[in-house]
Amino acid sequence: MDTAPLRQLLDEMTIDEKIGQLVQLSGDCFGGGDIATGPAAKIGVTQEDIDRCGSVLNVLGADEIHRIQDAYLAKSRLHIPLLFMADVIYGYQTCYPSPIGLGCTWDPEMIEGDYQVVAEEAHADGCMVTFSPAVDVVRDARWGRVVEMPGGEDPYLGSRFAEAMVKGFQQGLDEGQGVASCVKHFAGYGAAEGGREYNTVDMSERRFRQDYLPPYKAAIDADAKMVMTSFNTVDEVPATANRWLMHDVLREEWGFDGPLITDYAAILELMNHGVAADKDEASKLALDATVDIDMKTDCYAHSLKRLVEKGRISEQQIDEACWRVLSLKNELGLFEDPYRGCTTSDAARAIMCTPEKLSSARACADEAMVLLRNEGQVLPLAKEGGRLALVGPYADSKEIVGMWAIHADRSHSCTVKEAFDAVLGEGAYVYAKGCDVLGPEEYGTLGEFARFAGGGEPAEDQEALIAEAVSACADADTVVLCLGEHPLQSGEAGARTKLRLPAQQQELVRRLHDLGKRTICVLFAGRPLVLTDILPYADALLMAWWPGTAGGEAVADILFGDANPSGRLTMSFPATEGQLPLYYAQFPTGRPAGKNHTGRFVTGYLDAPNFGLYPFGYGLSYHTSALSDLTLDREVLHPGEELHASITLENEGPVAGTDVVQLYLHDCTGSVTRPIKELKGFERVTTESGERREVSFTITEEMLRFWRRDMTFGSEPGRFDVYVGLDSQRVLSASFELEA
Ligand code: NOJ
């Protein structure tokens, strides 16, 4: 409808009805199921609150959406439809790799297309808004939610994926297609101290703006329709109560005028944070910060009217918040079609997991996997003539889709073993489970949620499983081991201090290696792991992440050479947990450490290397490539001009393959210290064996801007280093001057 009738609708609403639009409740309130994505506390809402509420959390399924919407509208005085919002993170029924894997593709164009597929499936089953993408920059792998972050440790990469994902989700939104994207968790959630979930975030405003805010900004610039607040504090004020962040930065500076929703129960938690004494105060703080929708508490429902009556907030504030919610409903066409094109569950089923969708998930998983090690070129494996064994708790498991794959249709997944059967033929190799993902003790630490994924309760006697595998592998010459974390060891509340493989998995690798077998480890995990313990026993290491519905086939594609690995790391892999946080874009210090410099009086440790095990941007392929002849077409750059950096990439064979050529810049002297390297561009380049290709990057003055000493955003004249490499460490360099 036009703006005028929408305004008129707002004018006709009672204050209770307006407040209702600011409340989000979950499926259990509507006689449906409850997908628990937060503490399962009972909230004190009444039937009246339910009848007035504006949106529903995590209910999907076309038939269910119709049932709830119809019952709600039948009671509704003004017939304002409910908005259905859900966590559709990296797939609906067809699942793509989890975002940490998606990021390793360094292929935002492909991901934009894949997210259109995700949106198409979710839309058919009634999803109107998705709580995705999460674009929190993260430099500490102890934090469990690294699994959800496509940009990993890097703001530039994060921005490129934020933009791609929002565009993918929202493709065709005006024509009733796609789903609205809610970017989260605003802001800085990934910088939780010590990697501890929900913990304090505290840093300089310069760093916050420079390194943490850009991906959210990129999502807003790509027209993300909603924003979700984060659980953490920013400068000692919880984000949900932080008017500077929500109003001054997000709305005033960035021009965002859509609805702002809290994360799960975050208004109530303002009391735990110690900034509000009661629900009234918590509600006032959030509304004053221009937070519009209260997810899953009764704070707004029961406090806002009283606050207006007492004159502590104005009715105009409620009108403005309600207007933003109504405007989104209107933009999504709900007043014309309250189901937004979703018809029946049967009709929805027909478009799920089609062969095209499954093959796009497979292509994506092929690109997401990162080959970390390939000693003696043990990979790719021959399809004939070898004596192969397939071992490990993930070898014949469908639990390789990760913890957010709530709606994944596992009937379309095949396990690694099933994929091996398809390639080699059943019985052409030996299989043994080897051990469980976790031993009984570690499994116990996951609590009641453990049963949701990961193959159930572990056996008491892990040694018996190991011994069985060792004897099954006696005649094999090569063993492929499918190992990893439990899906719930990463994700929300998945913070850990020990990032190594569980003890019995390590023991399995050692024992098989000791038999003299070539040992290939395929790792399923949601974070960078500390791999130093298994390194001496692993001839090859393939990081498969949580590869999604087509993960089994993709592992086989890579291992048998039907796909040449091209994934590159988005997070540095530590050599030991004590190095965390770890990232390539360090600031210089007065006493920098060299690669082999571990002496005293340099920035580093006495008891650990100064560098991680595998750097940002790293990954191997079945071909090798070399870069040469980095040239700049000018020595001096002025604002408004372009400088071109070109380099020759040579595929040295033996096969065709794809490299990610990466551009990093460094401002040598500034009014504040500047990172030693910052990613500013990249290109995926595919070459034939023996082919040479020139790759070029454009550098402009805009790319050299930063938050200067006086907190203005701009560049400073002086010398800049240009680095181009195949990862963040193996680079060629040149330099130029920026003149005013
Ligand atoms: C809590 C999580 O932090 C957030 O990412 C998610 O979208 C909400 N719960 C809703 O399920």
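Just above, that's the structure.
The paragraphs below set out a description of the structure included in this document. Note that the coordinates shown come from a computational prediction; the quantities given were computed from them, not determined experimentally.

### Section: the state of the cysteines
Stage number 1. If you walk through the whole model with that rule in mind, you get zero disulfides.
Stage number 2. No disulfide involves Cys 29; its sulfur sits 7.3 Å from the nearest other cysteine sulfur, which is in Cys 53.

### Some words on the packing of helix H17 (residues 416-424) against helix H21 (residues 551-559)
Stage number 1. At a closest axis distance of 7 Å, the pairing of H17 and H21 adopts a crossing angle of 50 degrees. It follows from the interaxial angle that H17 and H21 lie oblique. The hand of the H17/H21 crossing is right-handed. Residue-level contacts link Val 416, Ala 419, Phe 420 and Val 423 of H17 to Gly 552, Glu 553, Val 555, Ala 556 and Leu 559 of H21.
Stage number 2. A per-class count over the contact of H17 with H21 returns seven nonpolar, one polar and one charged.

### Focus: the pattern of salt bridges
Stage number 1. Tallied over the entire structure, the rule returns 52 salt bridges.
Stage number 2. Across the pair Arg 693 and Glu 691 runs a salt bridge, and its minimum N-O distance is 3.0 Å.
Stage number 3. Overall, the relative accessible area of 23% leaves Glu 691 in the partly exposed class.
Stage number 4. The partner of Arg 705 in a salt bridge is Glu 701, and the shortest N-O contact between them spans 2.7 Å.
Stage number 5. Overall, the relative accessible area of 29% leaves Arg 705 in the partly exposed class.
Stage number 6. The structure contains a network of salt bridges with shared partners spanning Glu 463, Glu 507, Arg 510 and Arg 511.

### Points about the nonpolar core
Stage number 1. With 186 residues, the main nonpolar core has Phe 186, Leu 372, Phe 420, Val 480, Phe 524, Leu 541 and Leu 559 as its most contacted residues.
Stage number 2. Here this core gets seven residues from one element, more than from any other, and that element is helix H14 (residues 315-331).
Stage number 3. Contact partners of Val 480, with chain neighbours within four places excluded, come to Leu 381, Leu 388, Ala 389, Leu 390, Val 391, Phe 420, Ile 520, Val 522 and Leu 559.
Stage number 4. Formed by 43 residues, the second largest nonpolar core is a distinct cluster that contains Met 110, Ala 405, Ala 550 and Val 660.

### Some points on the packing of helix H6 (residues 108-124) against helix H7 (residues 155-170)
Stage number 1. Orientation of H6 relative to H7, taken along the N-to-C sense of each, is 35 degrees, at an axis distance of 7 Å. Judged by the twist between their axes, the crossing of H6 over H7 is right-handed. On H7, the residues that touch Pro 108, Glu 109, Ile 111, Glu 112, Tyr 115, Gln 116, Val 118 and Ala 119 of H6 are Arg 160, Phe 161, Ala 164, Met 165, Lys 167, Gly 168 and Phe 169.
Stage number 2. Here the residues of the contact of H6 with H7 are counted per class, giving nine nonpolar, two polar and four charged.

Definitions and limits used
- Residues numbered from 1 in each chain as written.
- Predicted model: local features only at pLDDT ≥ 70, side-chain atom pairs only at ≥ 80, totals over all residues.
- Heavy atoms only, no water.
- Disulfide = S-S within 2.5 Å.
- Axes fitted to C-alpha atoms, helices over the stretch in contact; angles between N-to-C directions.
- Helix = DSSP H or I, 4+ residues; strand = E, 2+ residues; numbered from the N terminus.
- Parallel < 35°, antiparallel > 145°, perpendicular 65-115°, else oblique.
- Left-handed = near helix turned anticlockwise from the far one by under 90°.
- Contact = heavy atoms within 4.5 Å.
- Nonpolar A, V, L, I, M, F, W, Y, C, P; charged D, E, K, R; others polar.
- Salt bridge = Lys/Arg side-chain N within 4 Å of Asp/Glu carboxyl O.
- Buried < 20%, exposed > 50% of the residue type's maximum accessible area, 1.4 Å probe, protein only.
- Core = buried A, V, L, I, M, F, W, Y, C linked by side-chain atoms within 4.5 Å.

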